[in-house]
Amino acid sequence: PGLSVGCRGHGRPARPVRPLPTAAESVTGTERPAGPIGAKAALGSVGRVRVAAAQFASDLDKDANRAVAVGAVRDAAARGASLVVLPEASMCAFGGATTDLGALAEPLDGPFVAALALAAAETGATVIAGTFEPVPGETRVHNTVVVVGEGGLLAAYRKVHLYDALGWCESDRVLPGLPDPSNAPVVALGELSVGVMTCYDLRFPESARQLVDGGAT
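Residues numbered from 1 in each chain as written. Predicted model: local features only at pLDDT ≥ 70, side-chain atom pairs only at ≥ 80, totals over all residues. Heavy atoms only, no water.

**Student:** Can you explain the overall build of the protein chain? Please cite residues and give values.
**Tutor:** Summing up its helical and strand segments, the protein chain has four helices and 12 strands in all. Within the protein chain, buried positions represent 45% of all 217 residues. Nonlocal contacts in the protein chain, meaning residues at least 24 apart in sequence, comprise 67% of its contacts between residues at least 6 apart. (Helix = DSSP H or I, 4+ residues; strand = E, 2+ residues; numbered from the N terminus. Buried < 20%, exposed > 50% of the residue type's maximum accessible area, 1.4 Å probe, protein only. Contact = heavy atoms within 4.5 Å.)

This is how it looks when you write it as structure tokens:
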């Protein structure tokens, strides 16, 4: 699948969740490449994977957020999850419209990613989480989703479609990522090839299509 790291809603009512199809109802026979290894696979042929979606509300206290994130990874892994997905902005919250995200952002080898890498090494789980990453020469930051495994950082995705709507202007403080294959990571996790996008990207089908074209299963 192409995974979307969750973001807060904007007052829209929840809709019923359609039950997942059984194996017999799954679509098969696509014969498209299954991720970077290039092996052929049919959609629906990937073995069972236990995924945990860990929900929590971050704030501007990065130390506290980091502790909550690491605890969520450990808890999910103890329950058998091999893939743990944390929210957008897990490292720290957006704050208010005047919050300086540049002062809060961390490089991809900073404390937040390092803590996730240690938790991944301890548990064997792969972690997907939202951060803010500094941009050289810019006051704005990247809204970056990292994929972290036992060996450290596996991939990073910089959010392309920024939420400028309903009184919120993400682009005031966030620089969009490149809308091309260089910013469409697909990570192989055993038989599963995971593509990454986040939040408002869900509104743009071509983001998902680019991940599928890159091998996301």
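**Student:** Account for the nonpolar core, naming residues and giving values.
**Tutor:** Counting residues in each nonpolar core, the largest one holds 37 residues, and the members touching the most others are Val73, Val84, Leu86, Leu101, Leu116, Phe132 and Val146. Taken together, the elements giving at least two residues each to this core come down to α1 (62-78), α2 (101-104), α3 (111-123), β6 (126-134) and β7 (141-149). For this core, the element with the highest residue contribution is α3, accounting for seven residues. In terms of nonpolar packing, the next biggest core, distinct from the first, is built from 17 residues, Val145, Val186, Val187 and Met197 among them. (Core = buried A, V, L, I, M, F, W, Y, C linked by side-chain atoms within 4.5 Å.)

**Student:** Outline the packing of aromatic side chains, supporting the account with residue identities and numerical values.
**Tutor:** For the structure on display, the rule yields four aromatic pairs. Ring centres 6.0 Å apart and planes at 85° place the aromatic pair Phe94 and Trp168 in the edge-to-face group. With Phe94 in the loop between β5 (83-85) and α2 and Trp168 in strand β10 (residues 168-169), this residue pair connects regions lying 74 residues apart in the sequence. A relative accessible area of 12% places Phe94 in the buried class. For the pair Tyr163 and Tyr200, a centre-to-centre distance of 5.0 Å together with 80° between the ring planes defines the contact as edge-to-face. On the criterion of sequence distance, the pair formed by Tyr163 in the loop between β8 (152-158) and β9 (164-165) and Tyr200 in the loop between β12 (192-198) and α4 (205-213) is long-range, its members being 37 residues apart. Here Tyr163 falls in the buried class, since its relative accessible area comes to 9%. With a relative accessible area of 23%, Tyr200 lands in the partly exposed category. Through a chain of ring-to-ring contacts, three or more aromatic side chains come together here, namely Phe94, Phe132 and Trp168. (Phe/Tyr/Trp six-rings, centres within 6.5 Å; stacked < 30°, edge-to-face > 60°.)

**Student:** I'd like to hear about the pairing of strand β11 (residues 186-189), residue by residue, with values.
**Tutor:** Alignment of β11 against β12, held across four bridges, turns out to be antiparallel. Its bridge partner lying in β12, Val187 is registered against Val194. Here β11 folds back onto β12 in antiparallel fashion, the turn holding two residues, of which Gly190 has a positive phi close to 65°. (Pairing = 2+ DSSP bridges.)

**Student:** Talk me through the sheet that holds strand β4 (residues 51-53); I want residue IDs and the actual numbers.
**Tutor:** Paired through their backbone hydrogen bonds, the strands of a sheet run either parallel or antiparallel. Here we have five strands laid out as an open sheet, ordered β4-β5-β6-β7-β8, and mixed in their pairing. Bordering the open sheet on either side are β4 and β8, each of which pairs with just one other strand. Neighbour to neighbour, the strand axes of the sheet diverge by 30° on average, direction disregarded. Here β7 runs beside β8; their pairing, made up of six bridges, is antiparallel. Note that in β8 the partner of Val146 across the bridge is Ala156. Most of the contacts of α3 go to β7, to which it runs at about 15°, and overall it touches β6, β7 and β8. (Axes fitted to C-alpha atoms, helices over the stretch in contact; angles between N-to-C directions.)

**Student:** Any details on the packing of α1 against α3? Residues and values, ideally.
**Tutor:** With their axes 10 Å apart at the nearest point, α1 and α3 run at an angle of 20° to one another. Between α1 and α3, the crossing angle belongs to the class labelled roughly parallel. Where α1 crosses over α3, the two elements pack in a sense that is right-handed. Residues Arg66, Ala69, Val70, Val73, Arg74 and Ala77 of α1 form the contact with α3, whose own contacting residues are Pro111, Phe112, Ala115, Leu116, Ala119, Glu122 and Thr123. (Parallel < 35°, antiparallel > 145°, perpendicular 65-115°, else oblique. Left-handed = near helix turned anticlockwise from the far one by under 90°.)

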